[in-house]
Each structure stands twice: as C-alpha cells, then as structure tokens.
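Spelled out, the chains give:
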Amino acid sequence: MGPRNSGKGHDKHNFKGQKALKFPLPLAMWDFGHCNPNACSGKRLERLGCIRNLRIGQKFKGVVVTPNGKSPVSPADREIFDNGGASVVECSWAKIDEIPFSRIGGRCERLLPYLVATNPINYGRPWRLNCAEALAACMYIVGYKDEARLLMENFKWGHAFFDVNEELLDIYASCKDSDDIQQKQKQYLEDMEESYREQRTTDFGDIWTQGNLNHKPIAVSNDTSSSSSDSESIEETNLAEETTNTREDSEQIANEPTEEDDDLWRNIVRMKLKA
Ligand SMILES: C[S@@+](CC[C@H](N)C(=O)[O-])C[C@H]1O[C@@H](n2cnc3c(N)ncnc32)[C@H](O)[C@@H]1O
C-alpha cells in the first residue's frame, strides 16, 4: 500500500527548495549503498517518494537517529523534529565500522531506546531496527503516532512493529525527556528479565515431569516466512545471514547487550511474543 497523506498542517514540513515528498513529514537518509535495493527498507521508502537522500558531508538539522547517538530520542526532541524532521543512516549493520560518522549526522543525534525489530531480517531482535522501523519509532516517540503507522503501512510486516512494541512506545512517548526514557527503559527491562527468570524457574520445576530434555531445541517463534512474501523478501535471507554472521558489531550500539545478553534478550522476547 502506498503512503497516504494524513492531511492538515504538514505542508510547512516540506524541505525548502525540495520537491514535495509523498509523506507528510520530512524524512531523510544517508545511503551508503551496502544493502540490496530489493531488501532495503530505506530504498523502498525512497522509491515510494517518502524519503530524500542526503550527501556525505551534509549535516541534518532535524533528529538524526543513529548508533552514534549518546542518548535516546524523547518527546523533548519534538521541536527539533518540527524544524527538520528525522533522518537515518542506511547501511549494513555488518559494515557500520566503515561509516564516516564525523561527515554525517547533526546536532541532534539520538539512539533509540529498547524496542524489538519485527522486520523479516532481524525479527525478534532487540535494538537492531531497520530504517523504516527506526523512523517510525522516532516519530511515535516525539508524538507523531499516526504518521508512524502510516509509514509502516508501506511494509507487509509493518503492523507487527506496533503489535510487538506499542506498550513500550506509549511508555516512551509519555516520558518527559531522555533521562526519563532511560529510567523507564531500565525498569521495563528489569521487570522483563525478572519474569523471564521466574518463568525459567517454573519451567525447570516442571522439567522433572517431562523426561530427558537434553538438546531439545527451544521453541522459536521467529518464523519469518509469513512476512517475507513481499517484493523485498527475495534477497532478505542473504542479508539475514550476513547480519547474523557479524555479531561482533553488536557493541556499536551503546545500549545494545553483549552477545550473551543478546541471546538472553531474544529468549525474553520469544517468551513475550508467545504470551
Ligand atoms: C544499520 S541500518 C540497516 C538498514 C537496513 N538495511 C534496512 O533495510 O533498513 C538501520 C539504521 O536505522 C537506525 N537505527 C536502527 N536501530 C537503531 C538504534 N537502536 N539506535 C539508533 N539508530 C538505530 C540507524 O540510522 C541505523 O543506521
């Protein structure tokens, strides 16, 4: 489904001297061309006329959603968003080391708080959102909830992002600033970890009634087949392999857990998705 213009009051957001985009808020990206055009959410948004390209060396005056940020985006960034929109860095997670962060970015560089990817490549993986998810999360948190949903309507799996993250997104959107978000995020993660550990204790208690479970695989509910039937899906498997083979990049995102934690968190997410 193509983007709809959700209407009033957004004309002022179109960039001066730029062709009006087919999305009501100004979105932009630095595209490093790492990803297959058929599998890349940023390129898809570009094809649909929802996002514009930035040059390397060009700074962005709105909110820059980037692993190079130091604090999470929050409702306190609303004014900056209104003055310039939001941008992302379209690149492969595997090649994030190669990004010349000093030549891109802007004055408002932000991380995203804990959220779970639902795109077919990184489904169920915390922190590692694709460009469309990252822009939608930023819009939602600063208060453009309808526009965030509108953007994700361009992806077959887009609704899942809100199915999985809505509770958290609403918590973040109701925060005052990034400190508040960090506090709420910490509390949320601690609660989730605790309920996961409790659940595991219960499962362990039950284990004696289930015979030998050695090597029994964990039931994983991250089947992407149902969501990978759109045109982007053909190359996604390759990209997924590329991504999972380069886990050493995980420390690139300040809040991202270590590889051990990553497994823990994926299990927690699975538990939550099954609940
Ligand atoms: C690394 S690219 C991967 C793009 C992917 N190939 C796609 O199809 O969209 C994702 C971009 O989204 C933003 N992003 C995603 N998760 C983020 C997070 N946790 N914190 C900050 N930025 C994030 C960053 O701009 C990042 O460079």
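Going along each chain's sequence as written, the residues are numbered from 1 onward. Side-chain atom pairs in this predicted model are given and counted only at pLDDT of 80 or more, local residue features only at pLDDT of at least 70, and totals for whole chains, interfaces and linings cover all residues. To obtain the side-chain values, all non-hydrogen atoms of the structure were included, while hydrogens and water were left out.

With respect to the overall build of the protein chain
For step 1, the next point in the chain: Starting at the N terminus, helices and strands are each numbered in turn, a helix being any DSSP run of H or I of at least four residues and a strand any DSSP run of E of at least two. Secondary structure summary: the protein chain contains 8 helices and 6 strands in total.
For step 2, the next point in the chain: Each helix (α) and strand (β) of the protein chain, taken in turn from the N terminus, gives the series β-α-β-β-β-α-β-β-α-α-α-α-α-α.
For step 3, the next point in the chain: Burial analysis of the protein chain (275 residues in total) assigns 51% to the buried set.
For step 4, the next point in the chain: Whether two residues are in contact is decided by their heavy atoms, any of which lying within 4.5 Å being enough. Pairs at least 24 residues apart make up 75% of the contacts formed inside the protein chain by residues separated by at least 6 positions.
For step 5, the next point in the chain: Approximately 13,700 Å² of the protein chain is accessible, and the part contributed by carbon and sulfur atoms is 48%. For every residue, the accessible area obtained with a 1.4 Å probe (protein chains only) is divided by the maximum for its type, and the residue is called buried under 20%, exposed over 50%, and partly exposed between those limits. Accessible areas in this description were obtained via Shrake-Rupley with a 1.4 Å probe; residue shielding takes into account the shown protein chains only.

Concerning the site of the ligand
For step 1, the next point in the chain: Being near a molecule or strand, for a residue, means having at least one of its heavy atoms within 4 Å of it. For the ligand, the set of nearby residues contains 21 residues, the closest of which are Ser 41, Val 65, Val 89, Trp 127 and Cys 131.
For step 2, the next point in the chain: One of the backbone N or O atoms of Leu 112 is found 3.1 Å from a nitrogen atom in the ligand.
For step 3, the next point in the chain: Considering the ligand on its own, with 590 Å² of exposed area, one finds that the protein chains cover 97% of that surface.
For step 4, the next point in the chain: Residue assignment for the shell around the ligand shows that the elements contributing at least two residues are α1 (41-47), β5 (86-90) and α3 (131-142).
For step 5, the next point in the chain: Looking at the shell around the ligand element by element, the count peaks at 3 residues for β5. Contacts described as polar in this section are N or O atom pairs within 3.5 Å, which, within protein, must combine one atom able to donate a hydrogen with one able to accept it, while residues neighboring in sequence count only if both atoms come from side chains.

Thoughts on the UniProt feature "binding site: S-adenosyl-L-methionine" (unreviewed entry) in the protein chain
For step 1, the next point in the chain: On the UniProt side, "binding site: S-adenosyl-L-methionine" (unreviewed entry) is annotated at positions that read Ser 41, Val 89, Leu 112 and Trp 127 here.
For step 2, the next point in the chain: Mapping Val 89 onto the fold places it in strand β5.
For step 3, the next point in the chain: Of note, Trp 127 is situated in the loop between β6 (106-111) and α3. UniProt positions are given in the numbering used here, feature names are shortened, and annotations may be inferred rather than shown by experiment.

Focus on the sheet that holds strand β1 (residues 27-31)
For step 1, the next point in the chain: Strand order in the open sheet formed by 6 strands is β2-β1-β5-β3-β6-β4, and the pairing between neighbours is parallel. Unpaired on one side and paired on the other, β2 (52-54) and β4 (71-72) mark the two borders of the sheet.
For step 2, the next point in the chain: A pair of strands is treated as paired once DSSP finds two or more bridges between them. With 4 bridges joining them, strand β3 (residues 60-65) and β6 adopt parallel strand pairing. Paired with Val 64 across the two strands is Glu 109, which belongs to β6.
For step 3, the next point in the chain: An axis is simply a line fitted to the C-alpha atoms; with a helix, the fit covers only the stretch in contact. Between two such axes, the angle follows the N-to-C directions and lies from 0 to 180 degrees. The sheet contacts of α3 involve β1, β3 and β5, and relative to β5 the element is tilted by about 160°.

Re the state of the cysteines
For step 1, the next point in the chain: The rule for a disulfide is simple: a pair of cysteine sulfur atoms within 2.5 Å. Following the criterion strictly, the structure yields 0 disulfides and no others.
For step 2, the next point in the chain: Cysteine Cys 108 shares no disulfide, and the gap to the nearest cysteine sulfur, in Cys 138, comes to 8.1 Å.
For step 3, the next point in the chain: By relative accessible area, which is 4% here, Cys 108 ends up buried.

Let's talk about the pattern of salt bridges
For step 1, the next point in the chain: When a carboxyl oxygen of Asp or Glu is within 4 Å of a side-chain nitrogen of Lys or Arg, the pair counts as a salt bridge. Inspection of the entire model under this criterion finds 9 salt bridges.
For step 2, the next point in the chain: With its nearest N and O atoms 3.1 Å apart, the salt bridge here joins Arg 78 to Asp 82. On the criterion of helical spacing, the pair formed by Arg 78 and Asp 82 is a turn pair, its members being 4 residues apart in helix α2 (residues 78-84).
For step 3, the next point in the chain: For Arg 78, a relative accessible area of 29% gives the class partly exposed.
For step 4, the next point in the chain: Owing to a relative accessible area of 24%, Asp 82 belongs among the partly exposed residues under this scheme.

What to know about the packing of helix α4 (residues 145-152) against helix α5 (residues 158-173)
For step 1, the next point in the chain: It is at 11 Å that the axes of α4 and α5 come closest, and there the two elements cross at 160°. Compared by their axis directions, α4 and α5 come out roughly antiparallel. The element α4 and its partner α5 pack so that their crossing is right-handed. For the pair formed by α4 and α5, the contact residues are Lys 145, Ala 148, Arg 149 and Met 152 on the first element and Gly 158, Phe 161, Phe 162, Glu 166, Asp 170 and Ala 173 on the second.
For step 2, the next point in the chain: All residues other than Ala, Val, Leu, Ile, Met, Phe, Trp, Tyr, Cys, Pro, Asp, Glu, Lys and Arg, Gly among them, are scored as polar; the first ten of these are nonpolar and the last four charged. Classifying every residue of the contact of α4 with α5 gives 5 nonpolar, 1 polar and 4 charged. In this scheme, roughly parallel covers angles under 35 degrees and roughly antiparallel covers those over 145, while 65 to 115 is roughly perpendicular and the rest are oblique. Left-handed is the label given to a crossing in which the near helix is rotated counterclockwise from the far helix by less than a right angle, and right-handed is the label when the rotation is clockwise.

Quick notes on the packing of aromatic side chains
For step 1, the next point in the chain: To pair, rings of Phe, Tyr and Trp, with the six-membered ring standing in for Trp, must have centres within 6.5 Å; the planes then decide the type, stacked if under 30 degrees apart, edge-to-face if over 60, and tilted in the middle. A full pass over the atoms with the stated rule returns 6 aromatic pairs.
For step 2, the next point in the chain: Note on Trp 30 and Phe 60: the rings are 6.4 Å apart at their centroids and 75° apart in plane angle, and the pair reads as edge-to-face. Remark: Phe 60 occurs in strand β3 and Trp 30 occurs in strand β1; sequence separation between them is 30 residues.
For step 3, the next point in the chain: Overall, the relative accessible area of 0% leaves Trp 30 in the buried class.

Considering the environment of Val 116
For step 1, the next point in the chain: Note that Val 116 resides in the loop between β6 and α3.
For step 2, the next point in the chain: The class for Val 116 is buried, based on a relative accessible area of 5%.
For step 3, the next point in the chain: Counting along the chain gives 49 residues from Val 116 to Asn 165, while the straight-line C-alpha distance between them is 6.7 Å.
For step 4, the next point in the chain: When sequence neighbours within four positions are dropped, the list of residues in contact with Val 116 reads Gly 124, Arg 125, Pro 126, Leu 129, Phe 161, Val 164, Asn 165 and Val 269.

Looking at the UniProt feature "domain: RNase L inhibitor RLI-like possible metal-binding" (unreviewed entry) in the protein chain
For step 1, the next point in the chain: Residues annotated by UniProt as "domain: RNase L inhibitor RLI-like possible metal-binding" (unreviewed entry) correspond here to residues 26-59.
For step 2, the next point in the chain: Annotation note: span residues 26-59, helix share 21%, strand share 24%, distance between end C-alpha atoms 15 Å.

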